[in-house]
Amino acid sequence: GGRVAAVKFSPDSTLLACAGADRGVRVFANVDGRFAPTATCAGHSTTVVALDWTEDSRILRSVCANHEMLHWSAPSGKPFKGDVRDFNWHTHNSPVGFPVMGVWEEGKAGPRHINSVDRSSARGHMVAGDDT
């Protein structure tokens, strides 16, 4: 239960991830246009605000309002403990991580608060939404 803050289809459209105020991420399988629950991922301390999938739909990344970044194997929902540095991400909506380093003021995460980001599909542009 709780407010849904992020939803994201996997690149191959076989899975749907939903997350929000209850600090969990739920993964659903798309079976002939109907969605069946396959996993619940737990571990965040606050509202989950961003979701991203790898290009191959095997790994899901979630980020909460405290900027904790967790990775999950799909469709099992088990925590992924491996190195994700060289993975190809289909999207980048996380307000933290190497690809968005330039959106933060140098040396700190504020004074403005980054609420959302999106990377263009061609990977040439990044936009950010903040509190100002």
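Summarised in this report is the structure supplied together with it.

Criteria and cut-off values
- Residues numbered from 1 in each chain as written.
- Predicted model: local features only at pLDDT ≥ 70, side-chain atom pairs only at ≥ 80, totals over all residues.
- Heavy atoms only, no water.
- Helix = DSSP H or I, 4+ residues; strand = E, 2+ residues; numbered from the N terminus.
- Buried < 20%, exposed > 50% of the residue type's maximum accessible area, 1.4 Å probe, protein only.
- Polar contact = N/O pair within 3.5 Å; in protein donor to acceptor, adjacent residues only side chain to side chain.
- Pairing = 2+ DSSP bridges.

This part takes up the environment of Arg85. Among the secondary structure elements, Arg85 is positioned in the loop between β7 (69–73) and β8 (114–119). Its relative accessible area of 65% is what places Arg85 among the exposed residues. Taking the C-alpha atoms as reference points, Arg85 and Gly97, twelve residues apart in sequence, are found 9.8 Å from one another. Within the local environment of Arg85, its side chain forms a polar contact with the side chain of Asp83, the two groups lying 2.8 Å apart.

This part covers the pairing of strand β4 (residues 34–42). With eight bridges connecting them, strand β3 (residues 24–31) and β4 associate as antiparallel partners. Within β4, the position partnered with Val25 by the bridge is Cys41. Following β3, the chain reverses through two residues before pairing antiparallel with β4; Asp32 in that reversal takes a positive phi of roughly 55°.

Functional significance is not addressed by these values, which are geometric in nature.
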